[in-house]
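# Architecture and fold: a report
Residues per chain are reported as follows:
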Amino acid sequence: MCLGEKSMDLKEKIEKLPSSPGVYLMKDSLNSVIYVGKSKNLKSRVASYFQNSRSHTPKVLKLVKNLRDFDYILTDTEFEALMLECKLIKQIKPIYNRQMKNTQSYCYIKINQKYPDIKISNEYVKNDGNLYFGPYSSRNTVERGIQGIKECCKIFCSNNFQKASCCLNYSLGLCLGMCLGSTEKKQYSSIFDKIINLLNGTDKSIIEEMEYNMNKASEKFNFESAAKYRDYISAVNYLLNKAKISKFTKKNKNIALLEYLEYNSVKFFLIKGNKVIFSKKCYLENINFQKLKSFLKSNILFYFNNKTIKKSTELHKEKMDESQIIYSYLKSKSVNRTYIVISSKWLNNPNDTSIDKAINKLLFSISH
């Protein structure tokens, strides 16, 4: 097939695309999937690859040059498209998808409280006496964040706290002197308590100090130092955002989501941790609210009480991308969707009127 024929065939195929949510799979001349993308408007998104080439990045230009065909999968909602894209990228590992590809790159922050130390770990080890935070998908950002925290707290000891001699950073004012034994362990414990509280999102005094140092450096026209602190602040904010996602996922284990669609229909989702365990499209014109309420409640009780499902939805670092998608989607402002968190107390007592009130809240949102 020549280039002209390729462009013509693809343009005709694009014209037939629906303007609805879904996932598209770009293919090369060997029929291999080289890129997976998602959109709430497939026709518009796929067509954009063949328009305004001057605004395209080198990556997109190279992708279009190697593009020979594409497939697509329709979804009812953008949320499903996001989750399906994530799943397909991990399964297929297309060469033009850089994110959500290598779960081995995920890492944790490991804090040893007995012998105060903070470092990066590739694995989370249960019951080893250490505190773990994460997982994080960007190792470079984590490294920069830890460096910023150590420098700000003056625990940037280049002897790793293990040699009885002065480290280089001590002379630079970046180390309080634990390497010399001149700093009380109590002082270090206090510093590490502050770091732990920072990573838990309960104490932001460290990041406030970074902001103070950045502004002070800027006032003195020391723009190199100001830029360094700016990067530290950005990295630490990344850590705090991931902490929010992890905490939200662990706390809100059972979520019922209802999204209003076109043509008088809704999509019902049950989310456990970072996994969608059930979804169903319902047409409101064919069902009354009492019947819909009964349908929602019976599925909530069945799926969230299922012991097999509970075991299969433990949080792992390989599922952090799914946690990010679910968190961002639930937190984004939209009048078309609402969700409730299902309490374990309700599940243990189906006759508790609280679950009926919560389901009424879901139904009320789609009826107004």
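Quick notes on the rules
Residues numbered from 1 in each chain as written. Predicted model: local features only at pLDDT ≥ 70, side-chain atom pairs only at ≥ 80, totals over all residues. Heavy atoms only, no water. Patch = residues over 30% accessible without salt bridge, like charges linked within 9 Å, V, L, I, M, F, W, Y side chains within 5 Å. Areas by Shrake-Rupley, 256 points an atom, 1.4 Å probe, with all protein chains shown as cover. Salt bridge = Lys/Arg side-chain N within 4 Å of Asp/Glu carboxyl O. Lys, Arg positive; Asp, Glu negative; His and termini not counted. Charge placed at Lys NZ, Arg CZ, Asp CG, Glu CD. Helix = DSSP H or I, 4+ residues; strand = E, 2+ residues; numbered from the N terminus. Buried < 20%, exposed > 50% of the residue type's maximum accessible area, 1.4 Å probe, protein only. Polar contact = N/O pair within 3.5 Å; in protein donor to acceptor, adjacent residues only side chain to side chain. Contact = heavy atoms within 4.5 Å. Pairing = 2+ DSSP bridges. Axes fitted to C-alpha atoms, helices over the stretch in contact; angles between N-to-C directions. Core = buried A, V, L, I, M, F, W, Y, C linked by side-chain atoms within 4.5 Å. Expected span 1.5 Å × (residues − 1). pLDDT = per-residue confidence, 0-100.

## What to know about a positive patch on the surface
A contiguous patch of positive charge, built from K59, K62, K65 and R98, is present on the exposed surface. By the secondary structure assignment, K62 is in helix 3 (residues 58–66).

## Thoughts on the side chain of T75
Of note, T75 is situated in the loop between strand 3 (69–74) and helix 4 (78–92). The class for T75 is buried, based on a relative accessible area of 13%. Within the structure, the side chain of T75 is placed 2.9 Å from the backbone oxygen of T77, a separation counted as a polar contact. If sequence neighbours within four positions are ignored, T75 has contacts with P21, G22, E80, A81 and L84.

## Examining the sheet that holds strand 2 (residues 33–39)
Reading across the sheet, the 3 strands line up as 2-1-3 and stay open at both edges, with antiparallel pairing between neighbours. Sheet topology places strand 2 and strand 3 at the edges, where each strand pairs with a single neighbour. When strand polarity is set aside, the average angle formed by the axes of neighbouring strands in this sheet is 20 degrees. Across 6 bridges, the pairing between strand 1 (residues 22–27) and strand 2 is antiparallel. Across the sheet, residue M26 finds its bridge partner in strand 2, namely Y35. Helix-sheet contacts for helix 3 involve strand 1 and strand 2, and the interaxial angle to strand 2 is about 115 degrees. Across the sheet, helix 4 touches strand 1, strand 2 and strand 3, and the angle it forms with strand 2 is around 165 degrees.

## Let's talk about the nonpolar core
By size, the foremost hydrophobic cluster in this structure holds 32 residues, and its most contacted members are I109, I111, V142, I195 and M210. Breaking this core down by element, the ones donating at least two residues are strand 4 (107–112), strand 5 (117–121), strand 6 (131–136), helix 5 (139–153), helix 7 (185–199), helix 8 (205–219) and helix 9 (223–251). Those residues in contact with I109 that sit more than four places away from it in its chain are I118, K119, L131, Y132, F133, Y136, V142, I146, L199 and L239. Membership of the second largest hydrophobic core comes to 25 residues, among which are L258, V266, L284 and W346.

## Topic: helix 12 (residues 320–331)
Taking 1.5 Å of rise per residue, 12 residues should cover 16 Å, and helix 12 covers 16 Å from first to last C-alpha, within 8% of that figure. Helix 12 sits mainly inside the fold: 9 of its 12 residues count as buried. Buried within helix 12 we find M320, D321, E322, S323, I325, I326, Y327, Y329 and L330.

## Some thoughts on the pattern of salt bridges
Considering all chains together, one arrives at 13 salt bridges under this definition. For K119, the salt bridge identified is with D117, shortest N-O distance 3.7 Å. The exposure class assigned to K119 is partly exposed, which follows from its relative accessible area of 40%. Here D117 falls in the buried class, since its relative accessible area comes to 10%.

## So, unusual backbone geometry
Each neighbour pair has its own omega, and for G134 with P135 the value is 5 degrees, a cis peptide bond. With respect to the helices and strands, P135 occurs in strand 6. The residue N127 is not glycine, and still its phi comes out positive at about 55 degrees. Among the secondary structure elements, N127 is positioned in the loop between strand 5 and strand 6. Given the relative accessible area of 80%, N127 is considered exposed.

## Description of the confidence of the model for the protein
The predicted model of the protein averages 84 in pLDDT, with 85% of residues at 70 or higher. For the protein, helix 6 (residues 168–171) is the element with the lowest average pLDDT, namely 63, and strand 1 is the one with the highest, namely 96. Note that pLDDT drops below 50 for residues 1–5; the model gives that stretch 2 contacts with residues more than four away or on any other chain.

## Notes on the sheet that holds strand 6
As summarised here, the arrangement of the 3 strands in space is 5-4-6, forming an open sheet in which the pairing is antiparallel. A single partner strand is all that each edge strand has here, and the edge strands are strand 5 and strand 6. Here the average twist between neighbouring strands, direction ignored, is 20 degrees. Relative to strand 5, strand 4 runs antiparallel, the two sharing 5 bridges. In the sheet register, I111 faces strand 5, and the bridge partner there is I118.

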